[in-house]
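Residue-level structural notes
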Amino acid sequence: MSLLRLLGRPLLASMFVSGGLHSLRAPGQLAPVAESVVRPVTERVAALPDRTEDVVRLNGAAQVAAGLLLATGRVPRVAALALAATLVPTTLAAHRFWEIEDADERAQQRIHFLKNASMLGGLLIASADTAGHPSLAWRGRHAAREVRREARLVRRSVRATARPAATAGAVRAKLTG
């Protein structure tokens, strides 16, 4: 693992582990802020709990688990995508700067919103990082290209040997016939 990944992944994950632990320990503090985002989502997704505190706790657990996976380099691409998925509703719930009247508070919430947008960008980059190995999509395309190449070689080989074989068969048939 490169030094950048060795340092960068835990640094990126640290905020999620910390925030996720806070969500697990004190969901009641965060539930009022999250209510405006959680309600519409829970109405559409039956698998989610009805109580906002439970959804906040579930989001926190997902952030802790995915943060630890990213920090330790275990399935980092999946972990980064999971963190990105938890970050969007968290940001929309907690940092609605466009609704705040006070200029100082609006500026603070805008900073937090943009910080989360920056972290989302980092997570998206991390989700695409193959650590120097070819991606599954590249491997699939490469394997398909190799199969097509092999099929062309077989077709050429068959064509090259079919005509002489047919001629030899015709000659044999005339001689034995």
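Provided above is the structure to which this section pertains.
Comments concerning the overall build of the chain
Summing up its helical and strand segments, the chain has six helices and zero strands in all. Computed over the C-alpha atoms, the radius of gyration of the chain is 29 Å, more than 25% above the 16 Å expected from 2.2 N^0.38 for a compact globule of 177 residues. Judged by the C-alpha coordinates and their principal axes, the chain covers about 100 × 40 × 30 Å. Across the 177 residues that make up the chain, the buried fraction comes to 23%. Taking as baseline every contact in the chain between residues at least 6 positions apart, the subset at least 24 positions apart corresponds to 62%. For the chain, the exposed surface amounts to about 11,800 Å²; the carbon and sulfur share of it is 64%. Where the 25 positive side-chain charges of the chain centre and where its 13 negative ones centre are 26 Å apart.

A short note on the packing of aromatic side chains
Each aromatic ring pair is specified by the distance between its two centres and by the angle formed by the two planes. This structure, assessed with the given rule, holds three aromatic pairs. Relative to W98, the ring of F97 has its centre 5.2 Å away and its plane inclined at 80°; by these criteria the two rings are edge-to-face. Look at F97 and you get buried, because its relative accessible area is 18%. Both rings, one in W98 and one in F113, keep their centres 5.8 Å apart while their planes meet at 90°; by these two values the pair is edge-to-face.

Structural notes on a positive patch on the surface
Judged by side-chain charge, R141, R145, R148, R152, R155, R156, R159 and R163 come together as a positively charged surface patch. Counting through the fold element by element, R155 comes out in helix α6 (residues 136-176). Given the relative accessible area of 42%, R155 is considered partly exposed.

A few points about the layout of surface pockets
Considering only enclosed or pocket space, the largest pocket measures out at about 770 Å³ in volume. Every residue lining the largest pocket is counted, 32 residues in all, and those nearest its centre are S23, N59, Q63, T86 and T90. Where the lining of the largest pocket is concerned, the elements lending two or more residues are α1 (3-25), α2 (27-44), α3 (52-72), α4 (76-94) and α5 (103-128). Here the residues of the lining of the largest pocket are counted per class, giving 19 nonpolar, twelve polar and one charged. As a volume, the second largest pocket reaches approximately 180 Å³. For the second largest pocket, the full set of lining residues is R9, P76, R77, D129, T130, A131, H133, P134, S135, L136 and R139. Of all the secondary-structure elements, those providing two or more residues to the lining of the second largest pocket are α4 and α6.

Section: α3
With 21 residues, α3 extends 30 Å from end C-alpha to end C-alpha; this agrees with the ideal 30 Å at 1.5 Å per step. Burial in α3 covers these residues: T52, V55, V56, G60, Q63, V64, A66, G67 and L70. Among the structural elements, α1, α2, α4 and α5 are those in contact with the buried residues of α3. Of the residues flanking the end of α3, it is G73, one or two places downstream, whose phi is positive at about 80°.

About the criteria used
Residue positions are given per chain, counted from 1 along the sequence in the order it is written. Residues qualify for local features only when their pLDDT is at least 70, as the model is predicted, and side-chain atom pairs are given and counted only at 80 or more; totals for whole chains, interfaces and linings, by contrast, use all residues. Side-chain numbers here rest on the full set of heavy atoms in the structure, without hydrogens or water. Runs of E in the DSSP output that reach at least two residues are strands. Runs of H or I that reach at least four are helices, and both are numbered from the N terminus. For the radius of gyration, the atoms used are the C-alpha atoms, and the globule rule reads 2.2 Å times the number of residues raised to 0.38. Type-normalised accessible area, obtained with a 1.4 Å probe on protein chains alone, sets the label of each residue: buried when under 20%, exposed when over 50%, and partly exposed for intermediate values. For this analysis, residues touch if any pair of their heavy atoms sits within 4.5 Å. Residue burial considers only the protein chains on display, and all accessible areas are found by Shrake-Rupley using a 1.4 Å probe. The convention is simple: Lys and Arg are positive, Asp and Glu are negative, and His and the chain ends are not counted. Charged groups are reduced to one reference atom each: NZ for lysine, CZ for arginine, CG for aspartic acid, CD for glutamic acid. Pairs were defined over the aromatic rings of Phe, Tyr and Trp, the Trp ring being its six-membered one, requiring ring centres within 6.5 Å. Orientation was assigned from the angle between planes: stacked under 30 degrees, edge-to-face over 60, tilted for the rest. Nonpolar side chains (Val, Leu, Ile, Met, Phe, Trp, Tyr) within 5 Å and like charges within 9 Å form the patches, drawn only from residues with over 30% relative accessible area and no salt bridge. Salt bridge, as used here: a side-chain nitrogen of Lys or Arg that lies within 4 Å of a carboxyl oxygen of Asp or Glu. Put plainly, a pocket is an open set of points on a 1 Å grid over the protein atoms alone with protein on both sides within 12 Å along at least five of seven lines, a cavity is a set where a 1.4 Å probe fits but cannot get out, and a lining residue has an atom within 4 Å of a point. Grid points are joined across faces, edges and corners, and a volume is the space filled by probe spheres set on the points. Gly is put with the polar residues, along with every residue not named as nonpolar or charged; the nonpolar set is Ala, Val, Leu, Ile, Met, Phe, Trp, Tyr, Cys and Pro, and the charged set is Asp, Glu, Lys and Arg. For a helix, the expected span equals 1.5 Å multiplied by the number of residues minus one.

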